[in-house]
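# Structural features, examined
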There are 2 protein chains.
Amino acid sequence: MLDRTYDGQVCSVARALEVVGERWTLLILRDAVLGARRFDEFRDRLGIATNVLTARLEWLVDEGLLERRRYQERPERFEYALTPKGRDLAPVLVMLMKWGDRHYPTPGGVPMLTLHRECGGRVDRRMRCGRCTEHVNFDELEITAGPGLKAAGLEPFASGLRASR
Amino acid sequence: MLDRTYDGQVCSVARALEVVGERWTLLILRDAVLGARRFDEFRDRLGIATNVLTARLEWLVDEGLLERRRYQERPERFEYALTPKGRDLAPVLVMLMKWGDRHYPTPGGVPMLTLHRECGGRVDRRMRCGRCTEHVNFDELEITAGPGLKAAGLEPFASGLRASR
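The model shown is predicted, which means the values in this text are computed figures rather than measured ones. (Residues numbered from 1 in each chain as written. Chains lettered and ligands numbered in written order. Predicted model: local features only at pLDDT ≥ 70, side-chain atom pairs only at ≥ 80, totals over all residues. Heavy atoms only, no water.)

Let us look at the overall build of chain A. Check the secondary structure of chain A and you find seven helices and four strands. When the helices and strands of chain A are placed in sequence order, the string is α-α-α-α-β-β-α-α-β-β-α. Buried positions account for 51% of the 165 residues belonging to chain A. In chain A, the proportion of contacts linking residues at least 24 apart, taken out of those at least 6 apart, comes to 49%. (Helix = DSSP H or I, 4+ residues; strand = E, 2+ residues; numbered from the N terminus. Buried < 20%, exposed > 50% of the residue type's maximum accessible area, 1.4 Å probe, protein only. Contact = heavy atoms within 4.5 Å.)

Pasting the structure below:
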């Protein structure tokens, strides 16, 4: 998928980027974390060419980040579910989001909120809850539509936004 | 730099990827976090073509993630230092590294260790210190060569590995 591997680089960042270092791949995983499952959901949301989406989904299945599951028999239809390995990438996406929120703010406010599932408080980029002041683990986050998404008149996924657990 | 922007996407992940969603860019930032400053350091470490490196460094300066500083007058020479905005990406790189460590382990052990600067304990992917059991913020990490890097006979940067603060 990538032009080259980073020969001679003993580095887990380089290794991770060989697998997910392509922006469509990370955006597909973002949508999977937010609840997308079906080919059409990914395609419509991303505005990605069908052949590119097919190739990226296949790659993610081969690498074990997504699992392909049949959800209908006639006609046969498949959906793509995050595996634990795929879900483990959620912290990378959350940290990318926090960086984007901070350095490229959206006029109407943050597009997505990261909430502490237990108390509902907002979690900051240091993973500290603004309400109970506890440190929050990535698997204790609930990710939900924020003011920026609502201001733009956009809706979360039909299948519902899901927490990154 | 990217082929397209994600029109109609109100999303900080997409916005962040417009800026850093290219693998060389993230590897340049990784090396900057680990202490690289000079053009030759980046080039030799990455094995990247000179013209590509020049373009990527210029992009990162334009976007405010790196600052170009003259460190010698005759002949004029420049180095590239992380700005606070660039340093704010360290959590993304640390989380990518943790994911790579976990799912694509290096035979000799982890290439880099993330240590809690205060007590020297190893910090896990949930940002918990194995020694004092405290939660550790990203700016309290010391990143240092691990067994995997040593097993491969590789050295950290001449300028010394620096913590991601």
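Now that the structure has been shown, we can carry on.
The next point concerns the nonpolar core. Formed by 94 residues in total, the largest nonpolar core has its most connected members in Val 20 and Phe 42 of chain A together with Val 20, Phe 42 and Leu 96 of chain B. Each residue touching Val 20 of chain A, except ones within four places of it in the same chain, is listed here: Thr 25, Leu 26, Leu 29, Leu 65 and Leu 89 of chain A together with Leu 96 and Trp 99 of chain B. (Core = buried A, V, L, I, M, F, W, Y, C linked by side-chain atoms within 4.5 Å.)

Residues and elements named next belong to chain B. Among the structural elements, Glu 41 can be located in helix H3 (residues 39–46). Although buried, Glu 41 forms no salt bridge, and the nearest oppositely charged side chain, Arg 38, lies 5.4 Å from it. From its side chain, Glu 41 meets the backbone nitrogen of Arg 37 in a polar contact 2.8 Å long. (Lys, Arg positive; Asp, Glu negative; His and termini not counted. Salt bridge = Lys/Arg side-chain N within 4 Å of Asp/Glu carboxyl O. Polar contact = N/O pair within 3.5 Å; in protein donor to acceptor, adjacent residues only side chain to side chain.)

The next point concerns the interface of chain B and chain A. Residue-level contacts link 55 residues of chain B with 55 residues of chain A. Carbon and sulfur atoms make up 64% of the surface buried where chain B meets chain A, a total of about 4900 Å² over both sides. When residues of chain B are sorted by the area they lose upon contact with chain A, Arg 23, Trp 99 and Tyr 104 of chain B head the list and together hold 16% of the total. At the junction of chain B with chain A, the criterion picks out six salt bridges. Taking the shortest distance from any N to any O, the salt bridge between Arg 102 of chain B and Asp 88 of chain A comes out at 2.9 Å. Inspection of the region where chain B meets chain A yields 15 residue pairs in polar contact (both at pLDDT 80 or more). Only helix H1 (12–20), helix H2 (23–33), H3, helix H6 (90–103) and helix H7 (147–151) of chain B provide two or more residues apiece to the side of chain B that touches chain A. (Buried area = accessible area lost by both parts, 1.4 Å probe.)

Once that is clear, we can look at the packing of aromatic side chains. By the definition in use, this model includes two aromatic pairs over all chains. Just above the ring of Phe 78 of chain A sits the side chain of Arg 68 of chain A; from NZ or CZ to the centre is 3.7 Å. (Phe/Tyr/Trp six-rings, centres within 6.5 Å; stacked < 30°, edge-to-face > 60°. Lys NZ or Arg CZ within 6 Å of the ring centre and 35° of its normal.)

With that settled, the discussion passes to the environment of Gly 109 of chain A. Residue and element names in this part refer to chain A. Along the chain, Gly 109 falls in the loop between helix H6 (90–103) and strand S3 (112–116). Judged by relative accessible area, Gly 109 falls into the partly exposed class, the value being 24%. Taking the C-alpha atoms as reference points, Gly 109 and Leu 154, separated by 45 residues in sequence, lie 13 Å from one another. Not counting residues within four places of it along the chain, the set of residues in contact with Gly 109 comprises Pro 147 and Gly 148.

This part covers helix H2 (residues 23–33) of chain A. All names here are of chain A. Of all the eleven residues making up H2, eleven are buried; the element is thus mostly covered by neighbouring parts of the structure. For H2, every residue scored as buried is listed here: Arg 23, Trp 24, Thr 25, Leu 26, Leu 27, Ile 28, Leu 29, Arg 30, Asp 31, Ala 32 and Val 33. Of the residues that open H2, the one with a side-chain oxygen 3.2 Å from the backbone nitrogen of Trp 24 is Glu 22.

Right, let's get into the relation of the copies chain B and chain A. With an RMSD of 0.0 Å, the fit of chain B onto chain A corresponds to turning through 180° and sliding 0.0 Å along the axis. Seen this way, the second copy is the image of the first under a two-fold rotation axis. Ranked by how close their C-alpha atoms come to the rotation axis, the residues of chain B are headed by Val 92 of chain B, at 2.7 Å. (Least-squares fit on C-alpha atoms with pLDDT ≥ 70 in both.)

What follows is about the packing of H2 of chain B against H6 of chain B. Residue and element names in this part refer to chain B. The N-to-C vectors of H2 and H6 enclose an angle of 100°; their axes lie 10 Å apart at closest approach. With respect to H6, the element H2 is oriented roughly perpendicular. Contacts from Leu 26, Leu 29, Arg 30 and Val 33 in H2 reach Ala 90, Leu 93 and Leu 96 in H6. Its residues placed into classes, the contact of H2 with H6 shows six nonpolar, no polar and one charged. (Axes fitted to C-alpha atoms, helices over the stretch in contact; angles between N-to-C directions. Parallel < 35°, antiparallel > 145°, perpendicular 65-115°, else oblique. Nonpolar A, V, L, I, M, F, W, Y, C, P; charged D, E, K, R; others polar.)

As a further point, take the pairing of S3 of chain A. Within S3 of chain A, five of the five residues are buried, which leaves the element mostly enclosed by the surrounding structure. The alternating pattern of S3 of chain A places Met 112, Thr 114 and His 116 of chain A on one face and Leu 113 and Leu 115 of chain A on the opposite face, and all of these are buried.

What follows covers the confidence of the model for chain A. Residues and elements named next belong to chain A. Chain-level pLDDT for chain A is 87 on average; 88% of the residues reach the 70-or-more range. Averaged pLDDT values for the elements of chain A fall to 85 in helix H7 (residues 147–151) and rise to 97 in helix H5 (residues 84–87). Residue range residues 1–7 is modelled with pLDDT below 50. Its contacts to residues more than four positions away, or to other chains, number 19 contacts. (pLDDT = per-residue confidence, 0-100.)

Moving on to unusual backbone geometry. Only a minority of non-glycine residues have a phi that is not negative, and only a minority of peptide bonds are not trans. Residues and elements named next belong to chain A. For the bond from Arg 74 to Pro 75, the omega torsion is -5°, close enough to zero to count as cis. Here Pro 75 is to be found in the loop between strand S1 (66–72) and strand S2 (77–82). Of note, Met 127 is a non-glycine position whose phi angle comes to about 65°, a positive value. Tracing the backbone through its elements, the reader meets Met 127 in the loop between S3 and strand S4 (141–145).

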